[in-house]
Amino acid sequence: MVDALGVAVVGFGWMGRVHSQAYARLPHHYPGLALRPRLITVAEEVPGRADEAAERFGFASATRDWREVGADPRVQAVSITAPNFLHREIGVAMAEAGKHIWIEKPVGLTAEDARAVADAVAEAGVQATVGFNYRNAPAVEAARDLIASGGIGAVTHVRIRLFSDYAAHPNGALTWRYERERGGSGVLGDLASHGADLARFLLGDIASLTADTAIFVPERARPSGATAGHALASGGEPGPVENEDYVSCLLRFTSGARGVLEACRVSVGEQNNYGFEVHGTEGAVFWDFRRMNELGVSRGTSYQDQPVSTVYVGPGAGEFAAFQPGAANAMGYDDLKVIEAYRFVRSIAEGRPYGTTLTDAVHSAAVLDAMARSAQRGSWVDVDRS
């Protein structure tokens, strides 16, 4: 018999919709899962948005006050997809209320925020999953296995890129994302957080780094009303962009490997150009999110003029078999969030963590904090891995 798991979603922008859809798809892809999510309530402070979400996605109820979710006995698990500045408050409150949490990265504005949520989760004895979805790609998991097995020799260096144009338009609305108080960092928390997580997932801990940041669109128009996503707001009162559009960073791993991480939210001509290139003493492995189910792999002992082969991942890689029957059948972004939801619900069912944890979030946030310190000081800094 499959038991019901009452779930709530707090914050219903685009990511709230993605989480809701992922819960609904779980029985289709994972019919053997011991718990089946039931959409209980959705919380969103923008007038009318929660009611619309309830009607569209089938939540039993809706509220504008997220605090009601913590007091709702029907709810056992909560997706936290609200803006960054609310992550700590909501995450701690839900854990203290005994709710399991699936929280989006970067889990607050600083490593201190992430640690506070992690501590609350540990104290409450609940399960938690963090939204670092790119590590869930079967090709990324296959790359990690290849690296760990020594398939490309000892890793020497990696390059990780995350380029997007979502903030490239000069008329992009001055939302919370561009404010220090509510958004914290800019592209650091939004894209570089994924890069920091991928770096550690593939190669292990980062020991030290040096970073540089820049703001390329210094002023934007304030929106006249509620916004979702990356809306335009031409003609509104202008205000300053307070956090970075761009970061470049040199990395030193505890293994001795070196790395480059670069991220930008205003890259004209780039749409979700995310990926990595990992080089070793006997080969290399390459991944591009836009060709999510492929790997470029070079292996052998030719060293010079060694060819690169395209490998299409299949049912033997990660969770691929839950979605497609054979290699080269495409998976997409939303599938990665279904995998994330599966690992979250499985963690609850079995009482132990699967997938990305708050420990991973704390490590990523510590790297981001180090990047910010380095950019401010103009020097190499150590990463706090405590």
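Residues numbered from 1 in each chain as written. Predicted model: local features only at pLDDT ≥ 70, side-chain atom pairs only at ≥ 80, totals over all residues. Heavy atoms only, no water.

1. Some details on the overall build of the protein
And step 1. Along the protein, the regular secondary structure elements total 10 helices and 17 strands.
And step 2. Here the protein has a C-alpha radius of gyration of 21 Å; the compact-globule value for 386 residues is 21 Å, and the two agree.
And step 3. Looking at the protein as a whole, 56% of its 386 residues are labelled buried.
And step 4. Long-range contacts, defined here as pairs at least 24 residues apart, represent 71% of the contacts in the protein between residues at least 6 apart.
And step 5. Surface summary for the protein: the accessible area is close to 16100 Å², and the carbon and sulfur share equals 47%.
And step 6. Between the mean site of the 36 positive side-chain charges and the mean site of the 46 negative ones, the protein shows a separation of 2 Å. (Helix = DSSP H or I, 4+ residues; strand = E, 2+ residues; numbered from the N terminus. Rg over C-alpha atoms; globule rule 2.2 N^0.38 Å. Buried < 20%, exposed > 50% of the residue type's maximum accessible area, 1.4 Å probe, protein only. Contact = heavy atoms within 4.5 Å. Areas by Shrake-Rupley, 256 points an atom, 1.4 Å probe, with all protein chains shown as cover. Lys, Arg positive; Asp, Glu negative; His and termini not counted. Charge placed at Lys NZ, Arg CZ, Asp CG, Glu CD.)

2. Regarding helix H8 (residues 187-203)
And step 1. For H8, spanning 17 residues, the distance from its first C-alpha to its last is 22 Å, which sits close to the expected 24 Å at 1.5 Å a residue.
And step 2. Maximal helix bending in H8 amounts to about 40°, located at Ser193.
And step 3. Taking burial as the measure, the 17 residues of H8 include 16 buried ones, the bulk of the element.
And step 4. Just past H8, the residue Gly204 takes up positive phi, approximately 95°. (Expected span 1.5 Å × (residues − 1). Bend = angle between axes of the 7 residues up to and from the residue.)

3. Quick word on the packing of H8 against helix H10 (residues 358-377)
And step 1. Between H8 and H10, whose axes approach to 9 Å, the crossing angle comes to 120°. H10 is crossed by H8, and the crossing has right-handed handedness. Every residue of H10 that contacts H8 at Leu188, Gly189, Ala192, Ser193, Ala196, Asp197 and Arg200 is listed here: Asp360, His363, Ser364, Val367, Leu368, Met371 and Ala372.
And step 2. In the contact of H8 with H10, the residues fall into 7 nonpolar, 4 polar and 3 charged. (Axes fitted to C-alpha atoms, helices over the stretch in contact; angles between N-to-C directions. Left-handed = near helix turned anticlockwise from the far one by under 90°. Nonpolar A, V, L, I, M, F, W, Y, C, P; charged D, E, K, R; others polar.)

4. Overview of the environment of Pro218
And step 1. Relative to the helices and strands, Pro218 resides in the loop between strand S8 (206-214) and strand S9 (219-221).
And step 2. The spacing of Pro218 and Glu242 is 24 residues in sequence and 7.8 Å in space, taken between C-alpha atoms.

5. Thoughts on helix H1 (residues 14-29)
And step 1. Between its first and last C-alpha, H1 extends 22 Å over 16 residues, near the 22 Å set by a 1.5 Å rise per residue.
And step 2. Every buried residue of H1 is listed here: Met15, Gly16, Val18, His19, Ser20, Ala22, Tyr23, Leu26 and His29.
And step 3. Those residues of H1 that are buried lie in contact with strand S1 (3-10), strand S2 (35-43), helix H2 (49-57), strand S4 (77-80), strand S5 (100-103) and helix H9 (333-350).

6. Section: a nonpolar patch on the surface
And step 1. Nonpolar side chains collect at one region of the surface, where Leu250, Val260 and Trp380 lie side by side and expose about 240 Å² of accessible area between them.
And step 2. Looking at the secondary structure, you find Trp380 in the loop between H10 and strand S17 (381-382). (Patch = residues over 30% accessible without salt bridge, like charges linked within 9 Å, V, L, I, M, F, W, Y side chains within 5 Å. Salt bridge = Lys/Arg side-chain N within 4 Å of Asp/Glu carboxyl O.)

7. Describing the side chain of Lys105
And step 1. Following the sequence through the fold, Lys105 ends up in the loop between S5 and helix H5 (111-124).
And step 2. The exposure class assigned to Lys105 is buried, which follows from its relative accessible area of 11%.
And step 3. At a separation of 3.5 Å, a polar atom in the side chain of Lys105 contacts the main-chain carbonyl oxygen of Gly189.
And step 4. There is a polar contact of 2.6 Å between the side chain of Lys105 and the backbone oxygen of Asp190.
And step 5. Beyond its immediate stretch of four places on either side in the chain, Lys105 contacts Asn84, His87, Val130, Gly131, Phe132, Gly189, Asp190, Ser193 and His194. (Polar contact = N/O pair within 3.5 Å; in protein donor to acceptor, adjacent residues only side chain to side chain.)

8. Quick notes on the pairing of strand S15 (residues 294-299)
And step 1. Of all the 6 residues making up S15, 5 are buried; the element is thus mostly covered by neighbouring parts of the structure.
And step 2. Sheet topology note: the S15/strand S16 (residues 309-312) ladder contains 4 bridges and is antiparallel. Its bridge partner being in S16, Val297 is matched across the sheet by Ser309. (Pairing = 2+ DSSP bridges.)

9. Points about unusual backbone geometry
Most of the time, phi is negative for any residue but glycine, and the peptide bond is trans.
And step 1. Pro106 follows Lys105 through a cis peptide bond whose omega is 5°.
And step 2. Tracing the sequence through the fold places Pro106 in the loop between S5 and H5.
And step 3. Despite not being glycine, Val107 shows a phi value in the positive range, around 60°.
And step 4. Overall, Val107 belongs to the buried group, its relative accessible area being 0%.

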